[in-house]
Amino acid sequence: MLDLRLIREKPEWVKERLKTRGGQYPIDKVLQLDERRRALLQEVEVLRHERKEKSEEIGRLKKAGEISLAQTIAEQVRNIGDRLKILEEELKAVEKELFENLAAIPNIPHESVPYGESDKDNVVIKKFGDPPSFSFQPRPHWELGEILGIFDFERAAKITGSRFTIYYREGALLERALINFMLDLHIKKHRYTEVLPPFIVNEASMFGTGQLPKFKEELFKLEDWDYYLIPTAEVPVTNLHRDEILPEEILPLYYTAYTPCFRAEAGAHGKDIKGIVRQHQFNKVELVKFVTPETSYEELESLLLDAEEVLQLLELPYRVVVLCTGDLGFAAAKTYDIEVWSPGQNRYIEISSCSNFEDYQARRANIRYRPKGGGKPRFVHTLNGSGLAVGRTLMALLENYQQEDGSVIIPKVLHPYTGGLTKIEPKKS
RNA sequence: GGAGGAGUGCCCGAGUGGUCGAAGGGGGCCGACUCGAAAUCGGCUGAGGAGGUGUUAAGCCUCCUCCGGGGGUUCGAAUCCCUCCUCCUCCGCCA
């Protein structure tokens, strides 16, 4: 949520900055409702004050035994009450509409974000490693999965439906190894605090991070409950501190969480239908930070490096792009995507998204901190990034470490997590 | 799932229709005492919003809202009624 005061004071600047995202946002509507709200509020407050004073007067008169005078005044106050009721209802309606419109406005892109209309305008800012060269035609991971006997899409479709996968043996082991490897790296080396949150959250949490109300069609909702399956650990972890005032001394807070993620993938028909790239359920290790406003852009850079290190240690080639204004997510002010190289599909595929939300989520979720030495609470800045999407990491690992016979070498850093397994051999059958 | 009990400020805790944004205590901050500290004494110490003053600052002033959430009764609600949520105790069930 944007600061209403900012919109009130610099409407033209806000409009101009939001124009870079493309799309239409109800700034004028907000301004108009804000004005109406304040006019009504003043009227209401005058009446409330009058009612309060007269009610107190009645109390005094009754105590003094002036019953009939008290009744006369009570009659007057009833009239005030009737008028108030009408005005308060109108005020409430205006506030609701104002809130809804304000909540529909996305975050303002940071000034360092390049202008652009779509993902084609994103800018590559760094590359790590070179795509490996193969003496044979590298296979996509779903073919390797077949050879190795570690994926089962058919039975997953039977049990649930499309876009679900079953992992067997080394596939399941490797997924588990990757989760533990990533968590250990972030916990021990990068000093994040491990969290294992609920995978189902309520509506207020979804609102806090910006998934609701606008992106409902991308979520799985539990029938007859106002509960949703999380699309990312960002939701429960950022909402850890919803409606809290944190002492500045404990900032910055770093959290890492492994969770499954559930996404409806509405509007993705026909996209990435093969393999494990786009699933309704996938595993992810997430990084979340709560920081002071002054440090949030440095924190974004270090968050990105923390995520990148996973790929560096796995020796998987990747590049980092900065999302342009037109491709930026709703709540983000700036986002870096990490894209890993897929030899089997001959393209870079997004494996992490690291964003600074500034105070946009903090305002929606009411997450503040008390400055050192006291003073008014201020909104924190929140950040998060994948560290990393586990399924896609497994995909990259299979494709980049594949051998001609379909076997796959397991990189050294994972050996402590695979019980000594160093290579996956083709299934004998 | 059934039966009871409870939710008040940073924490504990009083308040059951009128001047209560809320006694008292703890904690924290400031000051006095002290070479310094402890103890003691004094003062200050919730959040949000609207308006005024001020350089669209700090500060100051006036007012409104908030005693788990929402709704209602009343001239007036922390206090009465309804409803939802959360926590605790007992029973049942269960991994």
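Residues numbered from 1 in each chain as written. Chains lettered and ligands numbered in written order. Predicted model: local features only at pLDDT ≥ 70, side-chain atom pairs only at ≥ 80, totals over all residues. Heavy atoms only, no water.

Whenever strands of a sheet pair, they do so through backbone hydrogen bonds, lying parallel or antiparallel. Strand order in the open sheet made by the eight strands is β1-β10-β11-β12-β15-β9-β8-β4, with mixed pairing throughout. Looking at the sheet topology across the chains shown, the edges are occupied by β1 (123–128) and β4 (193–195). Between one strand axis and the next, the sheet turns by 25° as a mean value, whatever way the strands run. The sheet contact formed by β4 and strand β8 (residues 253–262) spans three bridges and is parallel. Looking at β8, one finds that Glu194 is bridged to Thr256. Across the sheet, helix α10 (residues 296–314) touches β1, β8, β9 (281–291), β10 (318–322), β11 (334–342), β12 (347–356) and β15 (381–389), and the angle it forms with β15 is around 10°. (Pairing = 2+ DSSP bridges. Helix = DSSP H or I, 4+ residues; strand = E, 2+ residues; numbered from the N terminus. Axes fitted to C-alpha atoms, helices over the stretch in contact; angles between N-to-C directions. Contact = heavy atoms within 4.5 Å.)

Turning next to the domain arrangement of chain A. For chain A, the domain assignment lists domain 1 (4–103) and domain 2 (119–424). Taken together, the contact between domain 1 and domain 2 spans four residues of the former and nine residues of the latter. For the pair domain 1 and domain 2, the summed buried surface comes to about 580 Å²; carbon and sulfur atoms form 46% of the total. The largest per-residue losses of area from domain 1 upon contact with domain 2 belong to Thr20, Arg21 and Ala103, which jointly make up 79% of the total buried on that side. At the junction of domain 1 and domain 2, the tally comes to zero salt bridges. Summed over the shared surface of domain 1 and domain 2, the number is six residue pairs in polar contact (both at pLDDT 80 or more). Grouping the amino acids of the side of domain 1 that touches domain 2 by side-chain chemistry returns two nonpolar, one polar and one charged. (Domains from an automatic or database assignment. Buried area = accessible area lost by both parts, 1.4 Å probe. Salt bridge = Lys/Arg side-chain N within 4 Å of Asp/Glu carboxyl O. Polar contact = N/O pair within 3.5 Å; in protein donor to acceptor, adjacent residues only side chain to side chain. Nonpolar A, V, L, I, M, F, W, Y, C, P; charged D, E, K, R; others polar.)

Okay, the protein's contact with RNA strand B next. The immediate surroundings of RNA strand B are formed by 26 residues, with Arg48, Ser55, Val77, Arg78 and Lys92 found nearest. Close to the protein, within 4 Å, the atoms of RNA strand B belong to sugar or phosphate groups at a rate of 75%. Within the side chain of Arg8, a nitrogen or oxygen atom sits 3.2 Å from a phosphate oxygen of RNA strand B. Arg48 is positioned with one of its side-chain polar atoms (N or O) 2.8 Å from a sugar or linking oxygen of RNA strand B. Taken together, the elements giving at least two residues each to the surface near RNA strand B come down to α1 (4–9), α3 (27–63), α4 (67–103) and β13 (367–370). It is α3 that contributes the most residues to the surface near RNA strand B, 15 residues altogether. Split by residue class, the surface near RNA strand B holds five nonpolar, four polar and 17 charged. (Near = heavy atom within 4 Å.)

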